[in-house]
Amino acid sequence: MGSTSMLQFQDLNDPPAAKIVPKIEPKLEPLDEPSPPTPPPPLSTPPTLSPFAASDVFSEFSRISEMFRSAFGQCPAGNGDGSVLPEADPDSLALVPVPGTEPHLSNVTVAGARKHEQRSSELVRVTDMKSEDQQYYRGLVRKTRMLYDSLRVFAVAEDEKQKNGDTGHLLHRRTRADLKAAALMRERGLWLNRDKRIVGDIPGVTIGDIFCFRMELCVVGLHGQPQAGIDYVPASHSSNGEPIATSVIVSGGYEDDEDSGDIVIYTGHGGQDKNGKQVMHQKLECGNLALERSMNYGIEVRVIRGLKSGAAVNSKIYVYDGLYRVVETWFDVGKSGFGVFKFKLVRIENQVEMGSNVMKFAYNLGTKPLDVRPKGYVTLNLSKNKEKFPVFLFNDIDGDHDPVHFEYLTTTIFPPYVSNYGSKAGCTCTGACFNDCFCAMKNGGEFAYDMHGTLVRGKPLIFECGPKCGCPPSCQNRVSQKGLKNRFEVFRSRETGWGVRSLDMIQAGSFICEYAGVVLTREQVQIFTMNGDNLIYPSRFADRWSEWGDLSQIFSDYVRPQHPTVPPLDFAMDVSRMRNLACYMSHSSCPNVLVQLVLYDHNNVSFPHLMLFALEKIPPMRELSLDYGVADEYMGKLAICI
DNA sequence: GTGCATTCAAACCT
DNA sequence: CAGGTTTGAATGCA
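- Naming follows an unreviewed UniProt entry, where chain A appears as Histone-lysine N-methyltransferase family member SUVH9 of Dorcoceras hygrometricum.

## A few points about the pattern of salt bridges
Working step 1: Scanning the model with the defined rule gives 30 salt bridges in all.
Working step 2: One salt bridge in this structure joins glutamate 187 and arginine 188, with 3.4 Å as the shortest N-O distance. The two residues glutamate 187 and arginine 188 agree in class, both being buried.
Working step 3: Here arginine 373 and glutamate 489 are joined by a salt bridge, their closest N and O atoms 2.3 Å apart. Of this pair, arginine 373 sits in the loop between α9 (369-372) and β12 (377-379) while glutamate 489 sits in strand β16 (residues 488-493), and the two are 116 residues apart along the sequence.

## A short note on the environment of aspartate 231
Working step 1: Among the structural elements, aspartate 231 can be located in strand β5 (residues 230-233).
Working step 2: Taking the C-alpha atoms as reference points, aspartate 231 and arginine 302, 71 residues apart in sequence, are found 9.6 Å from one another.
Working step 3: Beyond its immediate sequence surroundings of up to four residues, aspartate 231 is in contact with Arg119, Arg197, His223, Gly224, Gln225, Ala245, Thr246 and Ser247.
Working step 4: Among the polar contacts made by the side chain of aspartate 231, one reaches the side chain of arginine 119 at a distance of 3.0 Å.

## Points about the pairing of β5
Put simply, side chains in a regular strand alternate between the two faces of the sheet.
Working step 1: Residues Ile230 and Tyr232 point to one face of β5 and Asp231 and Val233 to the other, with burial holding for every one of them.
Working step 2: Sheet topology note: the β5/strand β6 (residues 244-250) ladder contains four bridges and is antiparallel. Residue pairing across strands places valine 233 opposite isoleucine 244, the latter belonging to β6.

## Quick word on the pairing of strand β17 (residues 497-502)
Working step 1: With six of its six residues buried, β17 lies for the most part within the structure.
Working step 2: With six bridges connecting them, β16 and β17 associate as antiparallel partners. Bridged to serine 493 within β17 is glycine 497.

## Topic: unusual backbone geometry
Working step 1: At aspartate 128, a residue that is not glycine, the phi angle is positive and equals roughly 55 degrees.
Working step 2: Following the sequence through the fold, aspartate 128 ends up in the loop between β2 (123-126) and α4 (131-161).
Working step 3: Look at aspartate 128 and you get exposed, because its relative accessible area is 63%.
Working step 4: The residue asparagine 350 is not glycine, and still its phi comes out positive at about 65 degrees.
Working step 5: Residue class for asparagine 350 comes out exposed when judged on its relative accessible area of 81%.

## Overview of the protein's contact with DNA strand B
Working step 1: Neighbouring DNA strand B are 24 residues, the closest being Arg174, Gly252, Gly253, Tyr254 and Tyr318.
Working step 2: The contact atoms of DNA strand B, taken as those within 4 Å of the protein, divide so that sugar and phosphate hold 66%.
Working step 3: Contacts to DNA strand B include arginine 176, whose side-chain N or O atom sits 3.2 Å from a sugar or linking oxygen.
Working step 4: Separating a base oxygen of DNA strand B from a backbone N or O atom of glycine 253 is a distance of 2.4 Å.
Working step 5: Where the surface near DNA strand B is concerned, the elements lending two or more residues are β8 (263-267) and β10 (316-333).
Working step 6: Split by residue class, the surface near DNA strand B holds eight nonpolar, nine polar and seven charged.

## Thoughts on the packing of α4 against helix α5 (residues 177-187)
Working step 1: Here α4 crosses α5 at 130 degrees, and the two axes come no closer than 8 Å. The angle between α4 and α5 places the two elements in the oblique class. With respect to the hand of their crossing, α4 and α5 are arranged in right-handed fashion. Facing Thr144, Leu147, Tyr148, Leu151, Arg152, Ala155 and Val156 of α4, the residues of α5 in contact are Ala177, Asp178, Ala181, Ala182, Leu184 and Met185.
Working step 2: Class assignment for the residues of the contact of α4 with α5 results in ten nonpolar, one polar and two charged.

## Details of the sheet that holds strand β21 (residues 572-574)
Across a sheet, strands are paired by hydrogen bonds formed along the backbone, either parallel or antiparallel in direction.
Working step 1: Strand order in the open sheet made by the three strands is β19-β21-β20, with antiparallel pairing throughout. Both outer strands of the open sheet, β19 (518-520) and β20 (535-536), are each paired with one neighbouring strand and no more.
Working step 2: By the bridge criterion, two bridges tie β20 to β21 in an arrangement that is antiparallel. The residue of β21 that forms the bridge with isoleucine 536 is methionine 573.

Conventions we followed
- Residues numbered from 1 in each chain as written.
- Chains lettered and ligands numbered in written order.
- Predicted model: local features only at pLDDT ≥ 70, side-chain atom pairs only at ≥ 80, totals over all residues.
- Heavy atoms only, no water.
- Salt bridge = Lys/Arg side-chain N within 4 Å of Asp/Glu carboxyl O.
- Buried < 20%, exposed > 50% of the residue type's maximum accessible area, 1.4 Å probe, protein only.
- Helix = DSSP H or I, 4+ residues; strand = E, 2+ residues; numbered from the N terminus.
- Contact = heavy atoms within 4.5 Å.
- Polar contact = N/O pair within 3.5 Å; in protein donor to acceptor, adjacent residues only side chain to side chain.
- Pairing = 2+ DSSP bridges.
- Near = heavy atom within 4 Å.
- Nonpolar A, V, L, I, M, F, W, Y, C, P; charged D, E, K, R; others polar.
- Axes fitted to C-alpha atoms, helices over the stretch in contact; angles between N-to-C directions.
- Parallel < 35°, antiparallel > 145°, perpendicular 65-115°, else oblique.
- Left-handed = near helix turned anticlockwise from the far one by under 90°.

Next comes the structure, spelled out in structure tokens:
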């Protein structure tokens, strides 16, 4: 290895890269027909399943839980108590045979896909993506990440159920939900980009996308190492016998790093002890050599930044910041006194702004908005202190101040007859509610939210505890009734008119806000309709709740929640005089926000609250979007409040 | 193919 | 709460 002349400067203009990195047309698969490039996941529940009787619902959750426990409970089984599952065989996940299918048949197909396939070493760069390709891959990545998040949240909720009833402490060390979710997906071949080693951007992953766990980066193929900072194609597998780096994590794990955004002095790996102290000289091998070779050939490297963040559950998040080039490398004496390799990475121009910069910008906006953007604010308090968090109104492109003229509503106003209808009963819990309390039973014997207030999975209707209940406001089953949890901004945009974005990162499954308005009777609707628009018809919202927490790709016999049956929503909401921030959200057929129906202050299932939750992790300053349930081409006419 | 060392995690413990 | 400890999973390499 010593023969490598490592300090040779690269010729960025020299195109040997083309030899090493064959360009492929993104014609990875014809996209006209929806034929996915990755093996299509085993499709979900066959429609032959009999519809739920209400009484089944109560057993449904425990059944799903049981599937989950079985899937997770493959520890060192078979040692002493060989009684359980015959062998740590993930195929046994198909615990309940799908009706109408031969169990053997399904086992065979899954078993074939199950074998841990090695990551391919074929190096490619994806270029010339057409916009329909981009949409396709964006959707694929979004769906994959949603499944990962759903699984993770579900696993966390499962874990919390294992608590000791007396002490409230976990009976065992917390299971790593991030790892479980990734493992379940890998067993089913649901990881992306395993068949090619991609140099450059990953289709469907955009700059600014946020990931909360290293395994999540592995799942989408952005960075394939669960811990290591440098990902590369090994020398043994590359076409010319040289390793090539594809991505690095800049996370502060090496004391000699210097990160100034567009330019990063990245320290090579190696020479550290178990506690991360530099105790030896580094060598030009493995990832270090790969980075040097990438420099030599002018091959771009993906950079993902690990940031400390109070907003994240576990205080660290990863942001995709785009492509950099290694322009220089040298051997240096680090702070420890030991030799380290250093790589100067320079961000390639003409990419959209770095996600980590946007995050810093948003953070500063939250603390000192006028210092960051002296002009453009119409008000810093659109809700006039009715919300616990500020709602900015920002317009720097025209003179429209319209939203400031409406009375701000924090919750929907129902007519009196709505709350006079139906049962008045609530639970009688005096402390925390448990899964057997009255309100939990109304939800099928579970709570819809985990301990952090995250929606575990979408349902036709959720019953939160309410004023009739004995439990305190801190009850786990009170989430959407407590108002905003983030700082938001209503902003003017040339593309979408008014839009809404958050100054904070929003976790997938977290509550955003209510879609608030004044509920109208039919007679009132007719009068209003004569006068024109500004009416919202809740029945038109697409049922996006069904996508959140849908585990049918994981459990072949997963049954989507179908209880309770909600009659078609037969009311309209007037947002012509009183409204909240929700009605400024834009429409998208690939939305990042879902509508979940919730009852808490009354029990009339015909008039639920429309509660909005995040369908995915939403980075700060990214526009929120809802599926209003109409075709895109009509939105221009039907959009509300533009 | 197998075992093993390496690795800019993540959660828990002190 | 900073720093140590434990459990971990993918990968490249011998």
